[in-house]
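Topology and contacts: notes
Single-letter residue listing:
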Amino acid sequence: MSDFRLRIKFEIQYHEFTLRPDFEAGAELIVIFGPSGAGKSLTLRALAGLVKPLKGKIRLGKNVIFDSEKEIDLPPQRRNVGYVPQNYALFPHRSIAENIGFGLHSLSRTKRDHRVQELLSTMRLEKEAERKPNEISGGQQQRVALARALATRPALLLLDEPLGALDEPIREHLRNEIKDIQKRYQIPVVLVTHNLAEAYTLADKLVVIESGEVAQSGSRDEVFRRPHTPSVAKLMGMDNVFEGIVEPRAEDHALISWEGFLLRTEGLSSLPERKLVLFGIRPEELELLSPTQTSTDSTENLIPCLVINTLSRGADHALTCMVNTPEGLSSAWTLRIPHRQFIESGLTVGQEAMLRVAPSAIHIFPEQ
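Let's shift gears to the nonpolar core. With 43 residues, the main nonpolar core has V31, I100, L157 and L206 as its most contacted residues. In terms of residue count, the dominant contributor to this core is helix α4 (residues 138–151) (seven residues). In this view, L157 contacts G82, L146, A149, L150, I181, I187, P188, V189 and V190; residues no more than four positions away in its chain are not counted. If you look at the next biggest cluster of nonpolar residues, it comprises 29 residues, including A46, L47, V190 and V192.

Our focus in this paragraph is the layout of surface pockets. Empty space within the largest pocket amounts to approximately 590 Å³. Residue lining of the largest pocket: 20 residues in total, with P76, V81, G82, Y83 and T152 positioned closest to the centre. Put simply, the parts of the chain that give the lining of the largest pocket at least two residues each are β8 (81–84) and α4. In terms of lining, the second largest pocket is formed by 14 residues, of which the most central are A97, E98, R109, R112 and D113. Those elements giving two or more residues to the lining of the second largest pocket turn out to be α2 (96–100) and α3 (109–122). By residue class, the composition of the lining of the second largest pocket is four nonpolar, four polar and six charged.

For the protein chain, the mean per-residue pLDDT works out to 90, and 95% of the residues sit at or above 70. Here helix α9 (residues 339–345) is the element of the protein chain with the lowest mean pLDDT, 85, and strand β4 (residues 29–33) is the one with the highest, 98.

Rolled over the atoms, a probe with the dimensions of a water molecule shows which regions are left empty. What the rule picks out here adds up to one cavity of 30 Å³ or more. Roughly 40 Å³ of internal volume is contained in the largest cavity. Lining the largest cavity we find R115, E118, L119, L150, R153 and Y185. Grouping the constituent residues of the lining of the largest cavity by class yields three nonpolar, no polar and three charged.

What counts and how
Residues numbered from 1 in each chain as written. Predicted model: local features only at pLDDT ≥ 70, side-chain atom pairs only at ≥ 80, totals over all residues. Heavy atoms only, no water. Core = buried A, V, L, I, M, F, W, Y, C linked by side-chain atoms within 4.5 Å. Buried < 20%, exposed > 50% of the residue type's maximum accessible area, 1.4 Å probe, protein only. Helix = DSSP H or I, 4+ residues; strand = E, 2+ residues; numbered from the N terminus. Contact = heavy atoms within 4.5 Å. 1 Å grid on protein atoms, 1.4 Å probe; cavity = no way out; pocket = protein on both sides within 12 Å on 5 of 7 lines; lining within 4 Å. Points joined across faces, edges and corners; volume = space filled by probe spheres on them. Nonpolar A, V, L, I, M, F, W, Y, C, P; charged D, E, K, R; others polar. pLDDT = per-residue confidence, 0-100.

Given below as structure tokens:
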């Protein structure tokens, strides 16, 4: 079996911007996520051989495709890498079949036609084979670009914002197709996006880049639910980040105090008492209860608040609640609750409520 492990560590200087990606991955779907200008697309272009790093090394399986010390810099056509840029870069004057077979000049006519027909079938484009790119839909164009990138049977597939220009129903369909492609071909697929829902849906491995540096990499759920820093947490949608103090343990409970409230948590067993820590809570892991809903329940991990804003997002609602702490400070918490639950709660702006924090929902950030 071929070794499709990808290992990259290089540096690019671009005007005053420095990019230093450093990560490795296997035959899986790797999503590079981060804000605009972080260096995501530039990373893909370096892997494709379109931009030369200042220094470093890129290894794909057993092959080194770039090594500054050994002066190795394979040209794009020798890297065995498929690349789909943001605009797909299809040839407007060529048919769909001709676009797909464009990189197969080394094959005989028979083998080339067979490969093209195979990919037309895989991508469900048989009926569009003789049409031009401007005669098909955006989703079909994306599938043509994918088929062309896969035609040479690459050891690595690079996708730069592949779904950015598509409508949501088509995006949802093509997300599944991209996942199926990775499973079918069993190669590393590196996809760039700044859409968090897209990153979470697609990623086997998530690489977060901030200001040209890898801030965190790991499995999707590890990065999403256990971010290493508050800045990564914010990128992952963990909007509630606060400072607290580790309190003496009560029986078998680990406690953290925040602005006069005591919260039981499951993440403090190894930390010394009275230590200042940062903690975060995902908005969808908070409950919002009316005072009557809590009258007979345990008061553990309940924080009184005032609803100051609600925003419908279709499937759910985003709410902002203001907490007036016993120490006289005001602090805003954000949460998301399903649409049906929001309607049934009857909660409105200006209403008093209770935040319930599950002990397992409190994430303690590791020390930096």
